[in-house]
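Examining the three-dimensional arrangement
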Amino acid sequence: MTSKTTVKTLLILGASGDLTGRLLLPGLAGLLASGGAPGLRLVGAGSDPWSPEQWSERVDGAFAAASKDADSQGQAALAAVAESTRYHQLDVTADGPLAELLSQLEGPVAIYFALPPHISQKACEVLHPEQLPAGTRLVMEKPFGSGTESAHELNKTLAALVPEDHIHRVDHFLGKATVLNILGFRFANRFLEPVWNREHIEKVEVIFDEDLALEGRARYYDTAGALRDMIQSHLLHIMAFLAIDPPATIDERDLRDAVATVLRASSIKAPFSASTRRARYTAGTLGERTVPDYAAEEGVDPSRNTETLAEVCVNIDNWRWKGVPFILRSGKAMGQRRKEAVITFRPVPHLPKGFSGLDSPNQLRIGFGPDVLELDIDVNGPGDIFTLDRASLVTELNAPGMLPYGEVLEGILNGDPLLSVRGDTAEDCWRIIEPVLAAWANGDVPLEEYDAGSDGPANWPTSDVG
Ligand code: NDP
């Protein structure tokens with residue numbers, strides 16, 4: 001692992017929150033254990049009046065698993081951070097306390113806003129550029145704004161504080177391994193690029209189905225829903241990496257330019273009753289567990305009609321992709337966990353007469369967790385040589401050694417914005433889904449139902465969406 005750490009201090013605002021405990025600290029632990037971020041100092045801050053012992057307990061607890069598996073160097077790195085960490089109680093929205101804390105920290109500092117979105121916005125508004133140690137990086141969580149306009153305003157606030165390449169808008173789905181696996185496969189194989197277009201590809205699906213229900217996250221999820229939570233922030237990006245033109249280099253400028261170009265050409269076409277679907281789960285079972293009706297979950301306001309499953313058909317209006325549906329869908333409380341992109345090729349123009357048995361087109365599946373590549377091909381299999389059989393070429397991909405947040409933190413602490421979402425792109429992702437949100441709020445598309453633990457509503461997935 002390279003050790004070009006530029007950030008000296010990681011300041012987590014919202015240190016007592018769920019994201020910090022469940023994802024950030026374990027991600028950091030994995031990074032430290034594998035030799036990343038040498039010499040880093042960790043500082044936590046939040047509005048809770050936590051004692052130093054309470055914070056240490058949280059850090060130790062989150063580091064324990066990584067420490068158990070680490071070699072002696074990794075254990076020493078974890079212990080050094082755990083022993084030197086501090087906690088500060090402060091209201092980040094007040095003018096003064098955060099600036100005062102920053103003045104005491106060794107820079108460059110990465111300020112991780114693990115806060116409710118409106119609090120992050122307020123915290124940025126009370127900061128002034130001269131209060132930030134040189135080289136400060138601002139790390140923003142999703143959701144980034146609540147629409148194009150608010151994302152634009154937030155971008156303006158951040159731009160007044162630090163340059164764009166010091167702003168990390170986190171999308172933890174864009175872990176390095178996932179993205180580089182897609183790009184390596186696409187651009188390092190001569191046979192692939194010539195067929196990677198509308199002439200040869202019929203449709204592309206990006207699917208993230210979870211076998212988890214609400215899991216007590218009503219406060220956030222009930223105001224977000226599957227379209228905002230998954231498609232706006234994550235799946236559009238995965239789609240973009242599948243659709244970009246080959247960049248000259250894998251540096252942040254070329255790669256993020258390519259992503260921005262694809263997203264600018266993307267839209268969801270009206271009528272939305274044909275190009276989108278939404279549904280909400282009712283009571284059912286997930287494995288051994290009984291799941292209540294979403295509308296009856298604690299903290300849910302059923303009148304919001306929040307969808308727990310969403311499907312949209314995105315069109316990319318350029319020479320390469322015109323007319324190819326990119327179907328993005330994601331559901332909660334699904335019977336089967338599926339995290340993959342499926343590329344369906346067009347049928348061959350002519351199958352020599354005499355062959356039989358071929359009834360489905362070639363498909364390529366790129367799995368994200370487990371990371372796997374699977375290409376379905378038709379071959380003269382065993383038995384009658386005139387009967388074609390389906391075979392799969394399967395290869396496991398370079399699985400990330402770290403948790404997704406470890407990969408995200410590695411980029412941030414190395415000062416590398418390659419995998420963070422650029423400001424213009426964040427606004428474009430809202431621009432793409434905003435008309436759908438408006439149509440859904442207007443009741444133009446019915447809210448369907450499906451049993452928790454099932455495969456979705458009737459006639460799901462939609463085969464001819466778009
Ligand atoms: P929580 O509500 O669990 O935590 C929020 C934290 O912010 C708490 O530590 C809270 O402290 C602190 N806080 C609130 N107001 C202030 C203030 N004025 N000054 C200082 N600290 C304050 O939220 P999450 O951890 O779940 O989410 C944080 C962010 O991460 C959100 O933007 C969310 O969308 C995003 N996110 C969360 C994920 C998750 O799985 N949790 C996944 C992906 C993104 P106190 O309790 O003392 O008020």
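Moving on, we get to the packing of helix α1 (residues 18-33) against helix α3 (residues 72-84). Running from N to C, α1 and α3 point in directions that differ by 135°, and their axes come no closer than 8 Å. When the axis of α1 is compared with that of α3, the two are oblique. Contacts from A29, L32 and A33 in α1 reach G74, A77, L78 and V81 in α3. The residue makeup of the contact of α1 with α3, split by class, is six nonpolar, one polar and no charged.

The subject of this paragraph is the site of the ligand. Close to the ligand lie 20 residues; G14, G17, D18, L19 and D48 are nearest. Elements with a contribution of two residues or more to the shell around the ligand: α1 and α5 (117-125). The residue makeup of the shell around the ligand, split by class, is nine nonpolar, six polar and five charged.

Let us now look at the domain arrangement of the protein chain. Partitioning the protein chain into domains gives domain 1 (9-170) and domain 2 (176-399 + 422-464). Spacing between the C-alpha centres of domain 1 and domain 2 amounts to 32 Å. Listed by partner, the interface residues are 13 residues for domain 1 and 11 residues for domain 2. Every element with two or more residues in the side of domain 1 that touches domain 2 is listed here: α6 (148-159) and β6 (167-169). Across the side of domain 1 that touches domain 2, the residue classes break down as four nonpolar, five polar and four charged.

Moving on to the nonpolar core. L11, L13, A110, Y112, I231 and M239 are the most contacted members of the largest nonpolar core, which has 120 residues in total. Counting residues per element, this core draws most heavily on helix α8 (residues 218-243), at 13 residues. Excluding its chain neighbours within four sequence positions, the residues that come into contact with A110 are V7, L10, L11, R137, V139, I412 and L413.

Every α-helical turn comprises 3.6 residues, leaving residues that sit three or four positions apart pointing alike. With 13 residues, helix α9 (residues 252-264) extends 18 Å between its outermost C-alpha atoms, agreeing within 8% with the 18 Å of an ideal straight helix rising 1.5 Å per residue. Among the residues making up α9, those that are buried are L255, R256, V259, V262 and L263. Viewed end-on, α9 has its buried residues packed into an arc of 120°, placing them on one side of the element. Contact partners of the buried residues in α9: α8, β8 (266-268), β12 (309-316) and α12 (423-441).

For the rest of this paragraph, the subject is unusual backbone geometry. The step from G107 to P108 runs through a cis peptide bond, and the omega angle for that step is -5°. Relative to the elements of secondary structure, P108 occurs in the loop between α4 (97-103) and β4 (109-113). Between W460 and the following residue, P461, the backbone shows a cis peptide bond with an omega angle of -5°. Tracing the backbone shows P461 in the segment after β18 (447-451). The phi dihedral of N305 falls on the positive side, at around 55°, and the residue is not glycine.

Now for the sheet that holds β6. Read from one edge of the open sheet, six strands run β3-β2-β1-β4-β5-β6, paired in parallel fashion. Only two strands of the sheet have a single neighbouring strand rather than two, namely β3 (86-89) and β6. Taking the axes of each pair of neighbouring strands and ignoring which way they run, one obtains an average angle of 20° across the sheet. Direction of pairing for strand β1 (residues 9-13) relative to strand β2 (residues 41-46): parallel, over a ladder of five bridges. From the neighbouring strand, L11 faces β2, where its bridge partner is V43.

Rules behind the numbers
Residues numbered from 1 in each chain as written. Predicted model: local features only at pLDDT ≥ 70, side-chain atom pairs only at ≥ 80, totals over all residues. Axes fitted to C-alpha atoms, helices over the stretch in contact; angles between N-to-C directions. Helix = DSSP H or I, 4+ residues; strand = E, 2+ residues; numbered from the N terminus. Parallel < 35°, antiparallel > 145°, perpendicular 65-115°, else oblique. Contact = placed C-beta atoms within 7 Å. Nonpolar A, V, L, I, M, F, W, Y, C, P; charged D, E, K, R; others polar. Near = placed C-beta within 6 Å. Domains from an automatic or database assignment. Core = buried A, V, L, I, M, F, W, Y, C linked by C-beta atoms within 7 Å. Buried ≥ 20, exposed ≤ 12 C-beta atoms within 10 Å, placed from the backbone. Expected span 1.5 Å × (residues − 1). Arc of directions from axis to C-beta. Pairing = 2+ DSSP bridges.

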